[in-house]
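Here are the chains, one letter per residue:
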Amino acid sequence: MKMTSYTCLLNLIVLGICAAVYAFTGFDLIKFMTLGNVILYRSFLGICGVSALYMIYAIFIFKPFKGLK
């Protein structure tokens, strides 16, 4: 459970960094990392969407970060 939460959190942090780079510079970092492959690009965005839904679910149901201080 913790490993899944950490993986989803890391995934969302990477998405946030890529979005910030795109917002401030106009350079699409995700497209660069996927080498312009549209299928990989959309797969990454889909995985990020599922990660966000999982994190919302986990925060309310399991409270995975309760013991972290």
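For the structure, check the block above.
So, how was this worked out
- Residues numbered from 1 in each chain as written.
- Predicted model: local features only at pLDDT ≥ 70, side-chain atom pairs only at ≥ 80, totals over all residues.
- Heavy atoms only, no water.
- Phe/Tyr/Trp six-rings, centres within 6.5 Å; stacked < 30°, edge-to-face > 60°.
- Buried < 20%, exposed > 50% of the residue type's maximum accessible area, 1.4 Å probe, protein only.
- Axes fitted to C-alpha atoms, helices over the stretch in contact; angles between N-to-C directions.
- Helix = DSSP H or I, 4+ residues; strand = E, 2+ residues; numbered from the N terminus.
- Parallel < 35°, antiparallel > 145°, perpendicular 65-115°, else oblique.
- Left-handed = near helix turned anticlockwise from the far one by under 90°.
- Contact = heavy atoms within 4.5 Å.
- Nonpolar A, V, L, I, M, F, W, Y, C, P; charged D, E, K, R; others polar.
- Polar contact = N/O pair within 3.5 Å; in protein donor to acceptor, adjacent residues only side chain to side chain.

**Details of the packing of aromatic side chains**
Where two aromatic rings form a pair, the distance of their centres and the angle of their planes describe that pair.
Phase 1: On inspection of all chains with the given rule, the structure shows 1 aromatic pair.
Phase 2: Centroid distance Phe 27 to Phe 32: 5.6 Å. Interplanar angle 55 degrees. Geometry classified as tilted.
Phase 3: Taking relative accessible area as the criterion, Phe 27 reaches 41% and is therefore assigned partly exposed.
Phase 4: Residue Phe 32 is classed as exposed on the basis of its relative accessible area, which comes to 54%.

**Some details on the packing of helix H1 (residues 2–25) against helix H3 (residues 38–61)**
Phase 1: The geometry of H1 relative to H3 is characterised by a closest axis approach of 9 Å and an angle of 125 degrees between their N-to-C directions. Between H1 and H3, the angle falls in the class oblique. The interaxial crossing formed by H1 with H3 has left-handed handedness. For the pair H1 and H3, contact is made by Thr 4, Ser 5, Cys 8, Leu 9, Asn 11, Leu 12, Val 14 and Leu 15 and by Phe 44, Leu 45, Ile 47, Cys 48, Ser 51, Ala 52, Tyr 54 and Met 55, respectively.
Phase 2: Its residues assigned to classes, the contact of H1 with H3 shows 12 nonpolar, 4 polar and no charged.

**Brief notes about the side chain of Thr 34**
Phase 1: Position of Thr 34 relative to the elements: it lies in the loop between helix H2 (29–33) and H3.
Phase 2: Note on Thr 34: relative accessible area 12%, which makes it buried.
Phase 3: Among the polar contacts made by the side chain of Thr 34, one reaches the main-chain carbonyl oxygen of Lys 31 at a distance of 3.3 Å.

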